[in-house]
Amino acid sequence: MTIKLDGKSVSENIFTKLKSHIALLASKPTLAVIIVGTNAASQVYVKNKIKACEKIGIISNHIHLDASVSQNDLLQMIESLNADHTINGILIQLPLPSHISEKKIIQAIHPKKDVDGFHYSNIGALSIGLPKFISCTPLGILTLLQHYSIEISQKHVVIVGRSNIVGKPLAMLLTNHDATVTLCHSKTPSLENFTTQADILISCVGKPNFITLSMVKEGAVVVDVGINRLDNGTLVGDVSYETVSKLASFITPVPGGVGPMTIASLMENTLKAYKIQTPCM
Ligand code: GUN
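Cut-offs applied
- Residues numbered from 1 in each chain as written.
- Predicted model: local features only at pLDDT ≥ 70, side-chain atom pairs only at ≥ 80, totals over all residues.
- Heavy atoms only, no water.
- Helix = DSSP H or I, 4+ residues; strand = E, 2+ residues; numbered from the N terminus.
- Expected span 1.5 Å × (residues − 1).
- Buried < 20%, exposed > 50% of the residue type's maximum accessible area, 1.4 Å probe, protein only.
- Contact = heavy atoms within 4.5 Å.
- Core = buried A, V, L, I, M, F, W, Y, C linked by side-chain atoms within 4.5 Å.
- Near = heavy atom within 4 Å.
- Polar contact = N/O pair within 3.5 Å; in protein donor to acceptor, adjacent residues only side chain to side chain.
- Areas by Shrake-Rupley, 256 points an atom, 1.4 Å probe, with all protein chains shown as cover.
- Nonpolar A, V, L, I, M, F, W, Y, C, P; charged D, E, K, R; others polar.

**Side note on helix 6 (residues 136-147)**
The end-to-end C-alpha distance of helix 6 is 16 Å, a good match for the 16 Å that 12 residues give at a rise of 1.5 Å each. Along helix 6, 10 of the 12 residues are buried, which leaves the element largely enclosed by surrounding structure. Within helix 6, burial applies to Cys136, Thr137, Pro138, Leu139, Gly140, Ile141, Leu142, Thr143, Leu144 and Leu145. Against the buried residues of helix 6 lie helix 1 (7-23), helix 7 (167-176), strand 7 (200-203), strand 8 (221-224) and helix 10 (258-277). Phi for Ser149, located one or two positions after helix 6, is positive at around 55°.

**Quick word on the nonpolar core**
Residues Leu31, Ile141, Leu174, Ile202, Val221 and Met267 are the most contacted members of the largest nonpolar core, which totals 53 residues. Among residues more than four places away in sequence, those in contact with Leu174 are Leu142, Ile152, Val157, Ala179, Val181 and Ile202.

**Some details on the site of the ligand**
Looking at the ligand, the residues that line it are Lys49, Leu91, Ile92, Gln93, Leu94, Asp116, Phe118 and Ile165. With respect to the ligand, the backbone of Ile92 contributes an N or O atom lying 2.8 Å from a nitrogen atom. Here a nitrogen atom of the ligand sits 3.2 Å away from a polar atom, N or O, in the side chain of Gln93. Burial of the ligand by the surrounding chains reaches 83%, relative to a free accessible area of 280 Å². Of the residues contributing to the shell around the ligand, the split by class is 5 nonpolar, 1 polar and 2 charged.

**Describing the side chain of Thr262**
Within the secondary structure layout, Thr262 lies in helix 10. Residue Thr262 is classed as buried on the basis of its relative accessible area, which comes to 15%.

Right under this line is the structure:
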């Protein structure tokens with residue numbers, strides 16, 4: 001029997017706990033959410049993040065900038081949010097328009113307000129096993145696996161996708177939890193030779209039906225980070241769910257798997273940022 005990893009319900013439990021915790025605070029955590037331009041997927045993600053804030057009592061400061069905003073103006077805005085003591089967390093939805101350097105923008109966020117965990121000081125801290133802010137999708141995946149008591153220590157985790165925001169930090173996080181991690185990517189030859197060895201297979205490539213039945217070991221735990229919209233409007237992951245779900249021991253659905261867990265981790269990180277920045281609570 002295959003068990004569905006229900007990120008929706010696990011995230012709801014986390015929201016409930018965070019809400020009661022936040023209700024007891026003397027003031028409310030505040031998250032600045034910046035979106036540049038009109039990327040349809042980004043608008044949906046940002047809307048969901050703001051909705052989660054409202055649900056649990058985090059104040060969100062939604063900043064929508066025109067796609068033509070200059071890199072300098074965006075950097076200045078980040079500087080003023082860094083200096084603003086009423087703002088605990090700063091999130092800049094990616095991707096950014098091509099005239100803006102994502103690397104420069106991410107590094108401009110003060111590490112103590114970097115609730116996405118993308119700044120190199122937070123990535124570096126994770127890499128030496130002393131994490132501060134852990135990137136939200138990797139942290140959400142860890143929380144989901146732990147919720148279902150899925151053993152990570154001594155397991156072979158194969159990650160397909162080496163992005164700076166998911167694949168790489170996830171590899172470090174699960175290595176810190178004593179998994180043996182293989183990080184594969186678009187230039188890995190004979191990918192299936194690796195994926196079929198996985199006790200836990202995690203795909204974060206962003207291509208529909210990329211992981212097919214023959215690439216998965218029977219009984220594997222399958223985690224699908226992909227959120228791909230087909231031409232007919234339906235949302236699908238990277239994994240051929242219909243077939244792979246018959247072989248896997250546990251599998252995340254899309255939607256309702258990793259996505260809500262990413263948002264739950266963002267809420268946790270924002271509360272953490274508030275606590276770091278707020279003396280004498
Ligand atoms: N774009 C896709 N995923 C993310 C994320 O987790 N954080 C931000 N800021 N942008 C994203």
